[in-house]
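# Working through the structure, step by step
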Amino acid sequence: MENRPLEYDYTVAKMFMFTTVALGIVGMLIGVILAFQLAFPELNLVLGEGLAEYTNYSRLRPLHTDAVIFGFTLSGIWATWYYVGQRVLKVSMAESKFLMFIGKLHFALYLVGVVAVVASLFLGITTSKEYAEFEWPIDIAIVVVWVLFGVSIFGLIGIRREKSLYISVWYYIASFLGIAMLYLFNNMEIPTMLGANAAGESGFGNWWHSVSMYAGTNDALVEWWYGHNAVAFGFTVPIVAMIYYFLPKESGQAIYSYKLSLLSFWGLMFVYLWAGGHHLLYSTVPDWMQTMGSVFSVILILPSWGSAINMLLTMKGEWQQVAASPLIKFMVLGSTFYMFSTLEGPIQAIKSVNAIAHFTDWIVGHVHDGTLGWVGFMIMAALYHMAPRVFKREIYSKSLMVTQFWIQTLGVVLYFTSMWIAGITQGMMWRAHDEFGNLAYSFIDTVTVLHPYYTIRGVGGLLYLVGFLMFAYNIYKTMSARPVEESELQNASPMGA
Amino acid sequence: MNKLYLGGIIFTALMLLFTYMSVSGSEGGLNGDIVNMLAVAGAVALVIITVFVVTKYVRQMQTDTADGQLADEKWDGIGEYLNDLPMGWAILFFALIVWGMWYFVMGYPVNAYSQIGEYNEDSAAHNTKFETQYASITGDKLVEMGESVFLAECKVCHGINADGIDGKAANLNKRVEAKSVKHVVINGSNNKLLGMEMPMPDRNGLVNGATGAAITDAEIDAVSTFVANGMKGAGADVFANVCAACHGADGKGMDSVAPSIATFNPTLVANVLTHGKKGAIGEMPKFDRLNAKQKEAVGAYITNLSK
Amino acid sequence: MFHWLEKHPFFFAVGIFVTIAFAGLVEILPNFAQASRPVIGTTPYSTLELTGRHVYIKNSCNACHSQLVRPFKSETDRYGHYSLSGEYAYDRPFLWGSKRTGPDLMRVGNYRTTDWHENHMKNPASVVPGSIMPAYKWMFTNKADVETAYAEQLTVAQFFSVPYNKEVPMKDGSTKVVKMGASIAEANELALAEAKVIAANMKDQDVKDAVAKGEIPEIVALIAYMNSLK
Ligand code: HEM
Ligand code: HEM
Ligand SMILES: [Ca+2]
Ligand SMILES: [Ca+2]
Ligand SMILES: [Cu+2]
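Residues numbered from 1 in each chain as written. Chains lettered and ligands numbered in written order. Predicted model: local features only at pLDDT ≥ 70, side-chain atom pairs only at ≥ 80, totals over all residues. Heavy atoms only, no water.

### Some remarks on the overall build of chain A
Within chain A, the regular secondary structure consists of 16 helices and 2 strands. Scaling as 2.2 N^0.38, a compact globule of 497 residues should have a C-alpha radius of gyration of about 23 Å, and chain A matches this with 23 Å. Over its C-alpha atoms, taken along the principal directions, chain A stretches across nearly 80 × 60 × 50 Å. For chain A, the residues scored as buried account for 72% of the 497 residues in total. By sequence separation, contacts in chain A at least 24 residues apart represent 82% of the contacts at least 6 residues apart. Across chain A, the mean location of the 25 positive side-chain charges is 15 Å away from that of the 30 negative side-chain charges. (Helix = DSSP H or I, 4+ residues; strand = E, 2+ residues; numbered from the N terminus. Rg over C-alpha atoms; globule rule 2.2 N^0.38 Å. Buried < 20%, exposed > 50% of the residue type's maximum accessible area, 1.4 Å probe, protein only. Contact = heavy atoms within 4.5 Å. Lys, Arg positive; Asp, Glu negative; His and termini not counted. Charge placed at Lys NZ, Arg CZ, Asp CG, Glu CD.)

Here's what the structure looks like:
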């Protein structure tokens, strides 16, 4: 018994792989629609005047952000957890009926949550807080889903055979704890059904409506403490967990340095939380908090780069693999974009630079070189690595993967360069005074100049979406192909399954 | 030359070109604005540092080989070297932590920075600079300045050509439209057009000096067309008998009695900007945030339009 | 020590939690007590204004519009006085936004008017050529939800002592009382009274008719909110 390789059970991983792909398509399609709506406002009426209430830019924008964050990215995180977790802890989900049940329940409730979120955002039921739009009934569902994720993590850890936790597991744990804390505190709200008047009437109005526990500046402070760290524990920490597993695994290389892993991890944990103030520069929060946000943002470059450098150095001497394998290309370029956005962020966090960048498309550019180039690339790479092992079939087409890689890379580059120009242009135009000391431009002048850049961004986004559809097709063909014996797998990594 | 370096250089050059494009795209360019300069410096630094560092590591992928002592553990077959920290990284990390502590404990408090203080200094400098310039602006230059204010502040309501966008706001190319005159004569007006509380009576208070009776519907229509026509055509008699007492025989108004309804003048416009205006077309907000010179300038511009 | 932690998941997790929770406390707590005090002249939202604020949120106007004037000469020239913390004392949630696809609206009530908003919301590009803002035509027919706003007024008065029906000091030394209904019927009446003032300055006959009938279209509430932003 002991000598037979473990039979890992990927049932739950497969389920989340499915939602990763499906919600990725939905979220990015909406992103492309948004991008073109800003270039061509007639597209607010894509489905006609009658449905404009539901298809206009402002109704769709939260759907985009939430679909890609809570749909695509979270599903990706969970798909990889239910795959990586078993393997690095050396224990199979099949060994515990309880954990299997929790895993399936986790997925089922998640689906319910997705439906509730989509319906509520289409109807305009939102609290307006970015990345925390949901009203309290959905908050409760999300907390339950999150707790199930926690049970699954610690349950699996509890029955592990590998005593020492692998680096990826550190990051998954951090992700779980971070989001749990942030989400709870940012969503403290009082349902308005609790309000009662002297006439004894109560419970009227929309039952789901609530009012934030915090007001004004304090509300902003809590929201961006959350928002910034949602990026940390949603777009950074769990994605780093992925690369620490999939890159060495796929390439067969050992991690470059334990010490670097260690310092980067604890450095990131310590520094990240302090940097949230950079979303509130020049606002009404006290100067010292803003300064703290700026200072810690700059320090944050190093722990962020630490992980990226560790990954790049893991590939030392392995250029032939980078050249040959599209999968490794995704991961190496992903690390590069990670470095790019974690240098861009701190630069934008310097007060004087933020004076230009804040409120402009330069921030949107920063967001997407991170999410498209890093988060998107890593999640797709992870699924590509998992697919042959989970479905026990060859990847359908490697050349399709290569084409996809170049199309998407072009897409990301078009996206962030156009937003870079748009943001700096607009930021400077807002500030400009003419020779008489009057404002040089009315607001609309600073909007119409952006038209070409908005168009280019739309094209870049469309390329990325096309690449993603190629990815979906590739995965679909892989899973529906004729099963092969594991030993026949040609795309299997050097270390075997 | 190595393909990698070439690629790096091309990429850097492209990004610098894009940065240059954005700066020149804003027409004003850097504008001597320190904030603009820092932002551009940040963008340039970002590109150069990333390209430099990534090139360095890609070089190592191409030429170096992996080695070092392996740790005992393996996770799902993944090993781990016990290599030391990359020196540059470690030193920078340490240095930044020290800098951060220094900045927060010493640099920042000693500087006693306050963003509102900074704002006050900036606007004081801006104001002194332009107050000296304003003082000497007159004539065509003043009209030009007025146009710039108009295009930044007013065109969203009055339109680029000041034509009022199909009646959504006042057409400023002519003094007043028949619809507005009629509205004022019927309902009176109390918009502080003279800069002070001085209402015009409604139709019950407007008496035809010739007949001694209150103004009639027919007379209102006639006089409205007359005024809107630039004080020409039929209705001159009504104007002379009812309105001239206050607005003057030529409609150019009288100090402290009634405003000009034949032409615009800078004072009238300034009063509209100070108090706002509500009439037949809609409501015009007041513009507190414009200074006196700006109001004078835009007044000159508008007066010029209908000449 | 770290090797030990890596073998003891519980302590490992505690270690992470302490490391990350610490920063939050330092960052958030000190500001809590002081920043919620209103500056003089800041009043709670009236029933109709709050209803309009909900329309604003429902349609995510904050996706494109900020409500935060930063202390730069170029912004105070464009939008008016820079924002003060106490001005947001009754803002739950805050609506600062993080993207200015459209202009800041913190003080838009000072320099735009009812009839302009009416034209603009119906078709932005017809007033501002080249505008990329969507048209919000359905707001002219959708009915505003006054009851939810009223429930919120009651909630904030009860839980956060927002001073409804109390004297609030104004800048000129006078005081002002923002009324809140004692019953749903009264709340509806108060909102309707406000709506009539707005509708009188509007051109759309259907809207005027609706208000005359005692109904409040969303646009009327939204404009009441826009006008209150000063
Ligand atoms: C060292 C690391 C980073 C720092 C210091 C940083 C800093 C910043 C700054 C200064 C802003 C702009 C705030 C504003 O003016 O509105 C920002 C926005 C943002 N960043 Fe980063 N960033 C970092 C890494 C990342 C990464 C890796 C991602 C994603 C993969 C990311 C995603 C975002 C997002 C989504 C926003 C937009 C938030 C909003 O809605 O306003 N950041 N970041
Ligand atoms: C097909 C690719 C995509 C396109 C065309 C696209 C387009 C857009 C557009 C047009 C916006 C609104 C920007 C604005 O307010 O001006 C946006 C916002 C955003 N997108 Fe995407 N997107 C894409 C993919 C993604 C992905 C994959 C992610 C995350 C994994 C993502 C995360 C975000 C976030 C966090 C924001 C909010 C940024 C902010 O508020 O500053 N997007 N996207
Ligand atoms: Ca919530
Ligand atoms: Ca945002
Ligand atoms: Cu942040």
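### Regarding the overall build of chain C
A count of helices and strands for chain C gives 10 helices and 2 strands. Ordered by position in the sequence, the α and β elements of chain C form the string α-α-α-α-α-α-α-β-β-α-α-α. For chain C, the spread of C-alpha atoms along the three principal axes comes to 75 × 45 × 35 Å. Here the contacts in chain C between residues at least 6 apart in sequence split such that 69% fall between residues at least 24 apart. Only carbon and sulfur atoms are counted for the fraction: they give 60% of the accessible area of chain C, which is about 8700 Å². Taking the 24 positively charged and 23 negatively charged side chains of chain C as two groups, their mean positions are separated by 5 Å. (Areas by Shrake-Rupley, 256 points an atom, 1.4 Å probe, with all protein chains shown as cover.)

### Observations regarding the coordination of the iron atom of ligand 1
Residues and elements named next belong to chain A. For the iron atom of ligand 1, the protein contributes exactly one donor atom, His 366 (NE2), at 2.1 Å. A spacing of 4.5 Å is found between the iron atom of ligand 1 and the copper ion (ligand 5). When you line up the elements, His 366 lands in helix α13 (residues 361-391). (Donors = N, O, S within 2.8 Å, 3.2 Å for Na, K, Ca; no water.)

### Description of helix α10 (residues 218-228) of chain C
Residues and elements named next belong to chain C. Along α10, 10 of the 11 residues are buried, which leaves the element largely enclosed by surrounding structure. Every buried residue of α10 is listed here: Glu 218, Ile 219, Val 220, Ala 221, Leu 222, Ile 223, Ala 224, Tyr 225, Met 226 and Asn 227. Buried-residue contacts for α10 involve α3 (47-58), α5 (114-122), α8 (184-200) and α9 (205-212).

### Remarks on the site of ligand 2
Surveying the vicinity of ligand 2 reveals 25 residues, the closest of which are Arg 61, His 64, Glu 130 and His 368 of chain A together with Lys 99 of chain C. Lying at an intersection of chains, ligand 2 is approached by residues of chains A and C. One of the side-chain nitrogen or oxygen atoms of Lys 99 of chain C is found 3.0 Å away from an oxygen atom of ligand 2. Within the residue set of the shell around ligand 2, elements represented by two or more residues are α1 (11-39), α3 (57-89), α13 and α16 (451-480) of chain A. Taken together, the residues of the shell around ligand 2 break down into 13 nonpolar, 7 polar and 5 charged. (Near = heavy atom within 4 Å. Polar contact = N/O pair within 3.5 Å; in protein donor to acceptor, adjacent residues only side chain to side chain. Nonpolar A, V, L, I, M, F, W, Y, C, P; charged D, E, K, R; others polar.)

### Some points on the coordination of the iron atom of ligand 2
Residues and elements named next belong to chain A. Coordination sphere of the iron atom of ligand 2, protein contribution only: His 64 (NE2) and His 368 (NE2), at 2.0 Å. Coordination at the iron atom of ligand 2 is octahedral: its 6 donor atoms span angles of 86 to 180° at the metal. Of this pair, His 64 sits in helix α3 while His 368 sits in helix α13, and the two are 304 residues apart along the sequence. Across the pair, His 368 and His 64 agree in class, each one buried. (Tetrahedral: all angles 85-135°; square planar, octahedral: opposite > 155°, others 65-115°.)

### A look at the packing of aromatic side chains
All names here are of chain A. Using the criterion set out here, one finds 65 aromatic pairs over all chains in the structure. Between the aromatic rings of Tyr 10 and Tyr 83, the centroid separation amounts to 4.9 Å while the plane-to-plane angle is 25°, which identifies the pairing as stacked. You can see Tyr 10 sitting in the segment before α1 and its partner Tyr 83 sitting in helix α3, a full 73 residues away along the chain. An angle of 15° between the planes, with centres 5.1 Å apart, marks the rings of Trp 274 and Phe 296 as stacked. (Phe/Tyr/Trp six-rings, centres within 6.5 Å; stacked < 30°, edge-to-face > 60°.)

### Some details on the environment of Tyr 454 of chain A
Looking at where Tyr 454 of chain A falls in the secondary structure, it is placed in helix α16. Classification of Tyr 454 of chain A as buried rests on a relative accessible area of 2%. Residues Tyr 454 of chain A and Leu 38 of chain A, 416 residues apart in the sequence, show an inter-C-alpha distance of 6.5 Å. Residue contacts for Tyr 454 of chain A: discarding those within four places in its chain leaves Ala 35, Leu 38, Ala 39, Asp 361 and Met 419 of chain A together with Lys 99, Thr 101 and Ile 132 of chain C. Here the side chain of Tyr 454 of chain A touches Asp 361 of chain A through a polar contact of 2.8 Å, side chain to side chain.

### A word on the nonpolar core
In terms of nonpolar packing, the biggest core is built from 303 residues, with Trp 78, Ile 173 and Phe 233 of chain A together with Ile 16 and Val 220 of chain C touching the most fellow members. If you tally residues by element for this core, the top one is helix α7 (residues 216-251) of chain A, at 20 residues. Among the nonpolar cores identified, the runner-up in size contains 16 residues, and Val 176, Ile 215, Val 223 and Val 238 of chain B belong to it. (Core = buried A, V, L, I, M, F, W, Y, C linked by side-chain atoms within 4.5 Å.)

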